[in-house]
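So you can see what is in the structure, the chains are spelled out below.
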Amino acid sequence: MRNRYLDLLRFLAIVRVVVYHVTGWATLTLVFPAMSVMFALAGSLMAASLARSGPAAVGRRLRRLLPSLWVVAVVFVPAMLFTGLPLSPRVLLWLFPIADPPANNWGALALSVIWYLRDYLWFVLASPVAFWLFRRAPLATLLAPYLLLVTIEVGIYPAPPVVREFGLYFGAWVLGFAHHAGMLRRLTGRVLYPLALALAVVGGAWIVTHAGPRGYDLNGNHLGNALWSAAFILVVLGRAPAGVAWLSRSRLADRAVTVVNRRALTIYLWHMPFVVALTPLVDVVGWSHQDPVGLAVRVLLVFALVGLVTLAVGWVEDVAARRRPELVPLGSPVVSGNARTDRRAVGESAGRATVPAQRTPTEAATVEISAR
């Protein structure tokens, strides 16, 4: 059954991602480290799927993940080929992105969020082995990604990007394993809160003393990001409520959370092209990043355009999940806690492909850093 608290966390993370990409406000990454939260939620759902179905869960998760990417590729890859992208075998990475798919100069920024699907794909493929190890040595499995990241950050191991991403985000994924296993809930307050505080202090100190190209933006500080995010995850998942009954009492809020969760991939994949396209257009009429009204207009326009494209192609996520296609998801999912249920949702897997991620349309040289 769905836990609407987890759905609410995902909803907040996706909204935060879009707002961050429009505004570029680094503070948002500290207030809500959405990327790591999304990987933790995905790890929890992956653990549930593996416990239920074994390695077959990998195929099911890829089936949910890839079709929405293929829709983007159908639109953007021909456009990039027409505007200078060389045709090479690497174009096939748009079908299965185990590495960054090729893009031309404008596509590299507009489609920079694809890195999340690359990492998600690797994490899904690694999960059967990682889950097996976690069940036998949970603490060692949980610590391994963070130790790997430390060796990379202090210069002991100059890792390639995919290995660095394992160090940065797979720890959050394995924290999701711990959430599914109930380990985080079983931590007493005398253990959980001091541990979270220690991680936040060490991570915060590293962030302050190793400021990135955009100041205290987590996306420019890998080790600080991992530690700060781990502290945040320990609290929001370790002390997660059984449900959010108030959500079911607000029809509008309940529907918004449902729609965003069922269209998470579509929103994630399509919002960045609109951010990039709108930036020069709204600058022409004087709505600058320094103008609060201009920022508000940008945010509203991006959400409006994402809403339109979601109406047009969001139903692909229903097909991928083997649900009845809907232009706008109407049914409330079966939930845990005190909330409404809907018979149409019975039997749906709790493990939807998840998304959130982040990137700010600044300079092409900072695409990889700003993509979190």
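Here the structure is a predicted model, which is why all the values come from computation and not from measurement.

What follows concerns helix H11 (residues 222–238). Between its first and last C-alpha, H11 extends 23 Å over 17 residues, near the 24 Å set by a 1.5 Å rise per residue. The buried fraction of H11 is high, at 14 of 17 residues. With a side-chain oxygen positioned 2.9 Å from the backbone nitrogen of glycine 224, the residue opening H11 is asparagine 221.

Next up on the list: the environment of arginine 63. Here arginine 63 shows up in helix H4 (residues 56–82). For arginine 63, a relative accessible area of 25% corresponds to the partly exposed category. As a C-alpha pair, arginine 63 and alanine 320 span 257 residues in sequence and 6.0 Å in three-dimensional space. Ignoring anything within four residues of it in the chain, the contact list for arginine 63 reads Ala320, Ala321 and Arg322. A distance of 2.8 Å separates the side chain of arginine 63 from the backbone oxygen of alanine 320, its partner in a polar contact.

This part is about the side chain of asparagine 261. Mapping asparagine 261 onto the fold places it in helix H13 (residues 251–262). A polar contact of 3.0 Å, which involves the side chain of asparagine 261, links it to the backbone oxygen of aspartate 7.

A few words on H13. With 12 residues, H13 should cover 16 Å at 1.5 Å per step; its first-to-last C-alpha distance of 17 Å lies within 8% of that length. Looking at H13, one finds that the buried residues are Asp254, Val257, Thr258, Val260, Asn261 and Arg262.

This part covers the packing of aromatic side chains. Within this structure, the stated rule accounts for 18 aromatic pairs. Centroid distance phenylalanine 76 to tryptophan 270: 5.5 Å. Interplanar angle 50°. Geometry classified as tilted. Here phenylalanine 76, found in helix H4, pairs with tryptophan 270, found in helix H14 (residues 264–284); they are 194 residues apart in sequence, far enough to count as distant. We classify phenylalanine 76 as buried; its relative accessible area is 12%. Where tyrosine 120 meets tryptophan 173, the ring centres are 5.4 Å apart and the plane angle is 85°; that geometry is what we call edge-to-face. Taken together, the positions of tyrosine 120 in helix H6 (residues 114–136) and tryptophan 173 in helix H8 (residues 161–181) put the pair 53 residues apart, joining distant regions of the chain. Each member of the pair, tyrosine 120 as well as tryptophan 173, is classed as buried. Through a chain of ring-to-ring contacts, the aromatic side chains of Phe39, Trp115, Tyr116, Tyr120, Phe123, Phe166, Tyr169, Phe170, Trp173 and Tyr268 assemble into a single cluster. In this structure, arginine 16 packs its charged tip against the face of tyrosine 20, placed 5.4 Å from the ring centre.

For alanine 57, the position within the fold is in helix H4. Sequence separation of alanine 57 and serine 127 is 70 residues, and the distance between their C-alpha atoms is 9.6 Å. Aside from chain neighbours lying at most four places away, what touches alanine 57 is Met46, Ser49 and Leu50.

Within the element layout of this structure, serine 44 appears in helix H3 (residues 34–53). Those residues within four positions of serine 44 in sequence are excluded, and the remaining contacts are Gly176, Phe177, His179 and His180.

The subject of this paragraph is the pattern of salt bridges. Applying the stated criterion to the full structure yields 12 salt bridges. Among the ionic pairs, arginine 164 bridges to glutamate 165, the shortest N-O distance being 2.7 Å. A relative accessible area of 1% places glutamate 165 in the buried class. The residue glutamate 326 makes a salt bridge to arginine 324 at a minimum N-O spacing of 3.5 Å.

Looking now at the confidence of the model for the protein chain. Averaged over all residues, the pLDDT of the protein chain is 87; the fraction at 70 or higher stands at 86%. Looking at the elements of the protein chain, mean pLDDT is at its lowest for strand S2 (residues 335–336), recorded as 50, and at its highest for H6, recorded as 97. A low-confidence stretch, residues 336–371 (pLDDT under 50), is modelled with 133 contacts involving residues beyond four sequence positions or located in other chains.

The geometry of a pair of packed helices is captured by two quantities: the angle between their axes and the separation between those axes. Here helix H1 (residues 4–23) crosses H3 at 145°, and the two axes come no closer than 9 Å. In this structure, H1 meets H3 at a crossing whose hand is left-handed. Packed against H1, whose contacting residues are Leu6, Leu9, Arg10, Ala13, Arg16 and Val17, the element H3 presents Ala34, Met35, Met38, Leu41 and Leu45 at the interface. Of the residues assigned to the contact of H1 with H3, the class counts are 9 nonpolar, no polar and 2 charged.

Reading guide: rules and limits
- Counting restarts for each chain: residues are numbered from 1 in the order of the written sequence.
- In keeping with the predicted nature of the model, local features appear solely for residues at pLDDT of at least 70, side-chain atom pairs appear and are counted solely at 80 or more, and the whole-chain, interface and lining totals rest on all residues.
- To obtain the side-chain values, all non-hydrogen atoms of the structure were included, while hydrogens and water were left out.
- Counting from the N terminus, the helices are the DSSP runs of H or I reaching at least four residues and the strands are the DSSP runs of E reaching at least two.
- Take the number of residues in a helix, subtract one, and multiply by 1.5 Å to get its expected span.
- Three labels apply to residues, based on accessible area from a 1.4 Å probe with only protein chains included: buried if under 20% of the type maximum, exposed if over 50%, partly exposed otherwise in between.
- Nitrogen and oxygen atoms within 3.5 Å of one another constitute a polar contact, given that in protein one can donate a hydrogen and the other can accept it, and given that sequence-neighbouring residues count only through two side-chain atoms.
- Contacts between residues were defined by any pair of non-hydrogen atoms, one from each residue, lying within 4.5 Å.
- Geometry of aromatic contacts follows a simple scheme: Phe, Tyr and Trp rings, the Trp one being its six-membered ring, pair when their centres are within 6.5 Å, and the pair is stacked under 30 degrees between planes, edge-to-face over 60, tilted otherwise.
- Charges are assigned to positions over rings by a cutoff of 6 Å between ring centre and Lys NZ or Arg CZ, combined with an angular limit of 35 degrees from the ring normal.
- What makes a salt bridge here is a side-chain nitrogen of Lys or Arg within 4 Å of a carboxyl oxygen of Asp or Glu, nothing more.
- Per residue, pLDDT measures the predictor's confidence, with a range of 0 to 100.
- Geometry is summarised by axes, namely lines fitted to C-alpha atoms with helices restricted to the contacting stretch, and by angles between N-to-C directions that run from 0 to 180 degrees.
- Left-handed describes a crossing whose near helix is turned anticlockwise from the far helix through less than a right angle; right-handed describes the clockwise counterpart.
- Amino acids are sorted into nonpolar (Ala, Val, Leu, Ile, Met, Phe, Trp, Tyr, Cys and Pro), charged (Asp, Glu, Lys and Arg) and polar (every other residue, Gly among them).

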